[in-house]
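The residues making up each chain are set out below.
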Amino acid sequence: MLHYTAMGSAAEALARLCDPSAEVSAHYLIDRDGTCFQMVDEEMRAWHAGAGAWAGLEDINSRSVGIELVNTGAEPFPWPQMRALEGLLPGIMARWSIGPEGVIGHSDMSPARKQDPGPRFDWRALARAGHALWPEGQGGEGDFGSSLDRIGYPPAPPEDRLAAFRARFRPEGAGPLCEKDTRRAACVAQAYDTNRRAPA
C-alpha cells in the first residue's frame, strides 16, 4: 500500500514513524532522492493503514506492506523516488505473491478518510513497469457503484468513492459523476476481474 507522508522532509517522517507515542509506522520510507529506509520487517505488522477494506478484506494492517513516500501531497513525485519504488516493489510482490491488482493506494481502501497518494502520483508509470494496473481506454455501459465494488472499493459515501476512483484512475476528472467516469470504471473493473482470475 502506497502513502504520502504529508511532511516536508524524510527526517520529519522518520521521527514520527519511529516515535512509539505516535502509534503509526510503515515498513518502508522512500525519500525524494530515492533513498529507501526500512523501518519494520515485512513479516511484522506495521500500523499504516487504519480503518478500511479492500476487495472484501478487512484488517489491512495485517495484510499489507506499507510504503511511505516523502511528499506533501501538493507536489509531483520526483523521478528518483519513482525509480526507487519501482526497484523495491518487485521483491515485495514476489515474496508475498502480490499481483499488480494488489498494489493500491491508501485512499483506495479508505476513501472516506484518506487522499494519499493522490492525483499527482503516476500510477500509469507504475503500471508500465508491471507493478500496478492501469487499463487503457473506456469500457461499456455499467453502473458506476457496481464497477467500484468489482474493483475492490469498500462502502463509503458516493462522493468519496468518486474522488478516490478519480485520484487513481481518472485524475483529470472534476465535477459531478459523468459518463466518462462510468465508462472508465467499467474498463477498470474488467481489468481487475481478469487479473484476479489469472493464475498466480
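What counts as what
Residue numbers here run from 1 along each chain, matching the order of that chain's written sequence. For this predicted model, a pLDDT threshold of at least 70 governs which residues receive local features, and a threshold of 80 or more governs which side-chain atom pairs are given and counted, while totals over whole chains, interfaces and linings are taken from all residues. Only hydrogens and water are removed before side-chain values are computed, so all heavy atoms of the structure are retained for them. Paired strands, as defined in this entry, are two strands with at least two bridges between them according to DSSP. Secondary structure is summarised from DSSP: a helix means a run of H or I of at least four residues, a strand means a run of E of at least two, and numbering begins at the N terminus for each. With axes taken as lines fitted to C-alpha atoms, and helix axes fitted only over the stretch in contact, angles between N-to-C directions fall between 0 and 180 degrees. The contact rule is simple, with two residues in contact once any of their heavy atoms fall within 4.5 Å. Each residue's exposure class comes from its accessible area (1.4 Å probe, protein chains only) as a fraction of the maximum for that residue type: buried when under 20%, exposed when over 50%, partly exposed otherwise. To obtain the arc, one takes the directions from the helix axis to the C-beta atoms. Cavity and pocket criteria rest on a 1 Å grid covering protein atoms alone: a 1.4 Å probe that fits but cannot get out defines a cavity, protein on both sides within 12 Å along at least 5 of 7 lines defines an open pocket, and an atom within 4 Å of a point defines a lining residue. Grid points are joined across faces, edges and corners, and a volume is the space filled by probe spheres set on the points. Amino acids are sorted into nonpolar (Ala, Val, Leu, Ile, Met, Phe, Trp, Tyr, Cys and Pro), charged (Asp, Glu, Lys and Arg) and polar (every other residue, Gly among them). As used here, the term nonpolar core means buried Ala, Val, Leu, Ile, Met, Phe, Trp, Tyr and Cys residues forming a set that is joined through side-chain atoms within 4.5 Å. Only one rule defines a salt bridge in this text: a Lys or Arg side-chain nitrogen within 4 Å of an Asp or Glu carboxyl oxygen.

Draft legend 1. Spotlight on the sheet that holds strand β2 (residues 28-30). A sheet is described by the order of its strands in space; here four strands give the open sequence β1-β4-β2-β3, paired in mixed fashion. At either end of the open sheet lies a strand with only one pairing partner, and these are β1 (2-4) and β3 (36-38). Mean inter-strand twist for the sheet, computed between neighbouring axes without regard to direction, equals 25°. For β1 and strand β4 (residues 67-69), the ladder comprises three bridges, and the chain directions are parallel. When the bridges of β4 are listed, Tyr4 appears paired with Leu69. Across the sheet, helix α1 (residues 10-17) lies against β2, β3 and β4, angled at about 170° from β2, the strand it touches most. Against the sheet, helix α2 (residues 79-95) makes contact with β1, β2, β3 and β4, and its axis sits at roughly 160° relative to β2, the strand it touches most.

Draft legend 2. Spotlight on α1. Listed as buried for α1 are Ala10, Ala13 and Leu17. Looking straight down α1, one finds that the buried residues subtend no more than 65° of arc, so they occupy a single side. For α1, the exposed residues lying more than 90 degrees away from the buried face are Ala11 and Ala15.

Draft legend 3. Highlighting the layout of surface pockets. Computed from the structure, the largest pocket encloses a volume of approximately 580 Å³. Taken together, 30 residues make up the lining of the largest pocket; nearest its centre are Arg63, Ser64, Val65, Ile98 and Gly102. Considered as a void within the structure, the second largest pocket measures approximately 340 Å³ in volume. In terms of lining, the second largest pocket is formed by 20 residues, of which the most central are Tyr4, Val24, Glu68, His106 and Lys114. Going through the elements one at a time, β1 and α1 are the ones with two or more residues in the lining of the second largest pocket. Considered class by class, the residues forming the lining of the second largest pocket number eight nonpolar, six polar and six charged.

Draft legend 4. Geometry of the nonpolar core. One finds Ile67, Leu85, Phe121, Leu126, Ile151 and Phe165 to be the most contacted residues of the largest nonpolar core, which totals 41 residues. Element by element, the count of residues in this core is highest for α2, at seven residues. The residues touching Ile67, leaving out its near neighbours within four places in the chain, are Met1, Leu2, His3, Tyr28, Ile30, Leu85, Leu88, Leu89 and Ile92.

Draft legend 5. Molecular detail of the pattern of salt bridges. Under the definition given, this model contains 12 salt bridges. Residues Glu75 and Arg32 are paired through a salt bridge, measuring 2.9 Å at the closest nitrogen-oxygen approach. Note that Glu75 is positioned in the loop between β4 and α2 and Arg32 in the loop between β2 and β3, a separation of 43 residues in sequence. The residue Asp108 makes a salt bridge to Arg168 at a minimum N-O spacing of 2.7 Å. In this pair, Asp108 is assigned in helix α3 (residues 106-109) and Arg168 in helix α6 (residues 158-169), connecting sequence segments 60 residues apart. Just as Asp108 is buried, Arg168 falls in that class too. Look at the salt bridges and you will find they share partners, linking Arg166, Arg170, Glu172 and Asp181 into a network.

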